[in-house]
2 protein chains.
Amino acid sequence: MSIELAVSSVILALRPRPEGAQTSRTTDAPAKTLWTPLVRRIREPYQGSWALPGGPLGLECGLAQAARETLRRTTGLDPRYLEQLYCFGGLDRARGTSDPLPSAELVHGQVRPPRVVSIVYWALVRPEEDAAATPIDAAGGIDPVNVSWFPVDDLPDLAFDHREILTYALDRLRAKITYSPIAHAFLPDAFTLADLREVYESVLDRDIDPANFRRQMLARGHLEATGEKLTGASHRPPSLYRYRAQLVATSPTPPPRSAS
Amino acid sequence: MSIELAVSSVILALRPRPEGAQTSRTTDAPAKTLWTPLVRRIREPYQGSWALPGGPLGLECGLAQAARETLRRTTGLDPRYLEQLYCFGGLDRARGTSDPLPSAELVHGQVRPPRVVSIVYWALVRPEEDAAATPIDAAGGIDPVNVSWFPVDDLPDLAFDHREILTYALDRLRAKITYSPIAHAFLPDAFTLADLREVYESVLDRDIDPANFRRQMLARGHLEATGEKLTGASHRPPSLYRYRAQLVATSPTPPPRSAS
DNA sequence: TCAAAAGTGTTCAAGCTACACCCATGC
DNA sequence: GCATGGGTGTAGCTTGAACACTTTTGA
């Protein structure tokens, strides 16, 4: 018995908050919230539970590439932002935190579950990537049944240690958005400062002063006015901005450097 | 052919700067600098080159545990601070960045080098841990020949992509020391503010105002006066401090949370 | 004209930097 | 006393939070 190597991904996208969702905040919460796609396990252990999309690492495949391919196959997504999160390799991962060994494993006469080392990536999805996604099942067809999106503050029971992994990814996102220009990974190429602020407010789950936010973002020098304005709303039309080209992080592979 | 899983470590300790070392700074550099132990490879590829200490992942061994054991076996070290750095799994790692395939591999009739995925940890070594270390060779004896320490700003040629990995570890250290109380990982239990400042100055390679440094460190609330003073020097005896117990990070396993 | 969000100006508090200055010890 | 680093005080600058106020659009 050797060690199995798997690559999984935590995928995060901003979508409208579900109707009537319970919110932890007393004041009005942001209109959007983070969602993540999960796949239903079709075999033991944890058959029927939801899990992070993932699969075994192929021989001819770099780590990030493996993450991309599993992601495209299971969820139909091809996100621009993809970064390694952590490598999990504890001895007891395969049987969950404190649950007894699933019976199917015993049937196979296996005393110990297989040892799995998971390299987990996290991905941020832009609206157009989100819209273009179509999950494909094992037979090559569309698979709307075994892939489903959930708001991250209302998750079902997850297999293995996947809930802890997801929580860790959220911590990382909230930390990183404060010092690194990754909010653009949730936005189209051109956006208003209100759009950008909505990303920050949704991720950090708190209101941000629009006036101060504007000054801070512009002072960082990452933004560039397109010259266009967004008309149509019944108020003063806001300017459109884009991130300066060299700062548009795709996949920071090998090791990500913290952009200033 | 399957994928090999290895665990390696970047180990960092503060030691006196070597005599007459070239320094990048015009002003007087800190008296100490970072050193790292490397092991000499005894087989192809890269036979004779220096490499990060590491070894294959054992079946019965957690990732961090595997790092600890290789570390103790090769360098004799048992550092308190150990944290996962990154997982490297590129396709061409085994044969180096742009070198031709080493001949020994061809002799074995292998067209491609074995695919290796390395989970790399980084460790910070305290002075007493450093002093207690005694490298052990494969036969179980002391091995002073194939393990050697180098200042990180004067490294020999390294095998594989290990130089990039080391550079990445240094970046991470310099970033993390500014927002997390990890400097204690280079210090004994009790230390003066001058000791602590020396760690920061050595890692960041710049002078720090003692007065402001004192106030900042004390304001963070991580330090606690022992009540003792360090006598013997020909000036006012400085107070000794320790880090508050709950903040003494050992091995942040699973995922490290950024301490405030 | 009004509502609503864009965008600007101003004030206040907190934190950091630079540097002057006193304190305690060994020689 | 004198040199040396420990430790305190303080003025000036920068940054960010809070919020008043003007601008520009659609209805």
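Keep in mind that this is a model prediction, so the values were computed, not measured.

Side note on the overall build of chain A
And step 1. Each helix and strand counted, chain A has six helices and nine strands in total.
And step 2. Within chain A, the proportion of its 260 residues that are buried is 48%.
And step 3. For chain A, the computed accessible surface area is about 12900 Å², with 52% contributed by carbon and sulfur atoms.

Section: the protein's contact with DNA strand D
And step 1. In the neighbourhood of DNA strand D, 20 residues make up the surrounding shell, with A:N212, A:Q216, A:H235, B:R214 and B:H235 lying closest.
And step 2. At the protein interface, 59% of the atoms of DNA strand D within 4 Å belong to sugar or phosphate.
And step 3. Note that a base nitrogen of DNA strand D is positioned 2.8 Å from one of the side-chain N or O atoms of A:N212.
And step 4. A:R236 has a polar backbone atom sitting 3.0 Å from a base oxygen of DNA strand D.

Overview of unusual backbone geometry
And step 1. Between A:E44 and A:P45 the backbone carries a cis peptide bond, its omega angle lying at -10 degrees.
And step 2. Looking at the element boundaries, A:P45 is found in the loop between β2 (32–40) and β3 (50–51).
And step 3. Positive phi, close to 55 degrees, is recorded for A:D205, a residue that is not glycine.
And step 4. With respect to the helices, strands and loops of the structure, A:D205 is situated in the loop between α5 (193–204) and α6 (210–220).
And step 5. Despite not being glycine, B:Y46 has its phi angle at roughly 65 degrees, a positive value.
And step 6. Of note, B:Y46 is situated in the loop between β2 (32–40) and β3 (50–51).

Some details on the UniProt feature "domain: NrtR DNA-binding winged helix" (unreviewed entry) in chain A
And step 1. In the UniProt entry, the feature "domain: NrtR DNA-binding winged helix" (unreviewed entry) is given for residues 186–242 of chain A.
And step 2. Each end of residues 186–242 of chain A is marked by a C-alpha atom, and these two atoms are 13 Å apart; helix forms 40% of the span and strand 19%.

Quick look at the packing of α5(A) against α6(A)
Residue and element names in this part refer to chain A.
And step 1. For the pair α5 and α6, interaxial distance at closest approach is 11 Å and the crossing angle is 100 degrees. The angle between α5 and α6 places the two elements in the roughly perpendicular class. Each of L193, L196, R197 and Y200 in α5 lies in contact with α6, whose residues at this interface are P210, F213, R214, M217 and R220.

Digging into the protein's contact with DNA strand C
And step 1. Near DNA strand C you find 21 residues, and of these A:R214, A:R215, B:N212, B:S234 and B:P237 are the closest.
And step 2. Per the 4 Å cut-off to the protein, sugar and phosphate atoms form 61% of the nearby atoms of DNA strand C.
And step 3. A:S239 is positioned such that a nitrogen or oxygen atom in its side chain is 3.1 Å from a phosphate oxygen of DNA strand C.
And step 4. B:Q216 is positioned with one of its side-chain polar atoms (N or O) 3.0 Å from a phosphate oxygen of DNA strand C.
And step 5. Mapped onto the surface near DNA strand C, the elements with two or more residues apiece are α5 and α6 of chain A together with α6 (210–220) of chain B.
And step 6. Here the surface near DNA strand C gets four residues from one element, more than from any other, and that element is α6(B).
And step 7. Broken down by class, the residue content of the surface near DNA strand C amounts to six nonpolar, seven polar and eight charged.

Comments concerning the pattern of salt bridges
And step 1. Going through the model one piece at a time under the given rule, you end up with 25 salt bridges over all chains.
And step 2. A salt bridge links A:R197 to A:E201, with the shortest nitrogen-to-oxygen separation between them at 3.4 Å. One end of the pair is A:R197 and the other is A:E201, both in helix α5 and four residues apart, which spans about a single turn.
And step 3. Of the residues examined, A:R197 reaches a relative accessible area of 19% and is grouped as buried.
And step 4. On the basis of relative accessibility, which here comes to 12%, the residue A:E201 falls in the buried class.
And step 5. Across the pair B:R244 and B:E224 runs a salt bridge, and its minimum N-O distance is 3.1 Å. Placement of B:R244 in the segment after β9 (239–243) and of B:E224 in strand β8 (residues 223–229) is noted, with a sequence separation of 20 residues between them.
And step 6. Shared partners join several salt bridges into a network, and the residues in it are A:R80, A:R126, A:E128, A:E129 and A:D189.

Considering the side chain of B:S202
And step 1. Take B:S202: it is sitting in helix α5 (residues 193–204).
And step 2. The exposure class of B:S202 is buried, given its relative accessible area of 8%.

Examining the environment of A:M217
Residue and element names in this part refer to chain A.
And step 1. Along the chain, M217 turns up in helix α6.
And step 2. Linking M217 and D78, residues 139 residues apart in sequence, is a C-alpha distance of 28 Å.
And step 3. Excluding anything up to four places from it in sequence, M217 contacts L193, L196, Y200 and L223.

Some remarks on the environment of B:L38
Residue and element names in this part refer to chain B.
And step 1. Inspection of the secondary structure assignment puts L38 in strand β2.
And step 2. On the accessibility criterion, L38 (0% relative accessible area) is buried.
And step 3. In this structure, the C-alpha to C-alpha distance between L38 and I11, residues 27 residues apart in sequence, is 8.7 Å.
And step 4. If sequence neighbours within four positions are ignored, L38 has contacts with W50, A51, L52, N146, V147, S148, F150, L155, P156, L158 and L166.

Details of the nonpolar core
And step 1. Judged by nonpolar contacts, the single largest core of 46 residues is most densely connected at A:V117, A:I119, B:V117 and B:I119.
And step 2. Elements with a contribution of two residues or more to this core: β1 (4–16), α1 (63–75), β5 (81–88) and β6 (116–125) of chain A together with β1 (4–16), α1 (63–75), β5 (81–88) and β6 (116–125) of chain B.

Regarding the environment of A:L204
Residue and element names in this part refer to chain A.
And step 1. Residue placement: L204 occurs in helix α5.
And step 2. When its relative accessible area of 19% is taken as the criterion, L204 is described as buried.
And step 3. In sequence terms L204 and P127 are 77 residues apart; their C-alpha atoms lie 19 Å from each other.
And step 4. Look past the residues within four positions of L204 in its chain and what remains in contact with it is R174, I177 and T178.

Reading the values: rules and limits
Residues numbered from 1 in each chain as written. Chains lettered and ligands numbered in written order. Predicted model: local features only at pLDDT ≥ 70, side-chain atom pairs only at ≥ 80, totals over all residues. Heavy atoms only, no water. Helix = DSSP H or I, 4+ residues; strand = E, 2+ residues; numbered from the N terminus. Buried < 20%, exposed > 50% of the residue type's maximum accessible area, 1.4 Å probe, protein only. Areas by Shrake-Rupley, 256 points an atom, 1.4 Å probe, with all protein chains shown as cover. Near = heavy atom within 4 Å. Polar contact = N/O pair within 3.5 Å; in protein donor to acceptor, adjacent residues only side chain to side chain. UniProt positions renumbered as here; feature names shortened; annotations may be inferred. Axes fitted to C-alpha atoms, helices over the stretch in contact; angles between N-to-C directions. Parallel < 35°, antiparallel > 145°, perpendicular 65-115°, else oblique. Contact = heavy atoms within 4.5 Å. Nonpolar A, V, L, I, M, F, W, Y, C, P; charged D, E, K, R; others polar. Salt bridge = Lys/Arg side-chain N within 4 Å of Asp/Glu carboxyl O. Core = buried A, V, L, I, M, F, W, Y, C linked by side-chain atoms within 4.5 Å.

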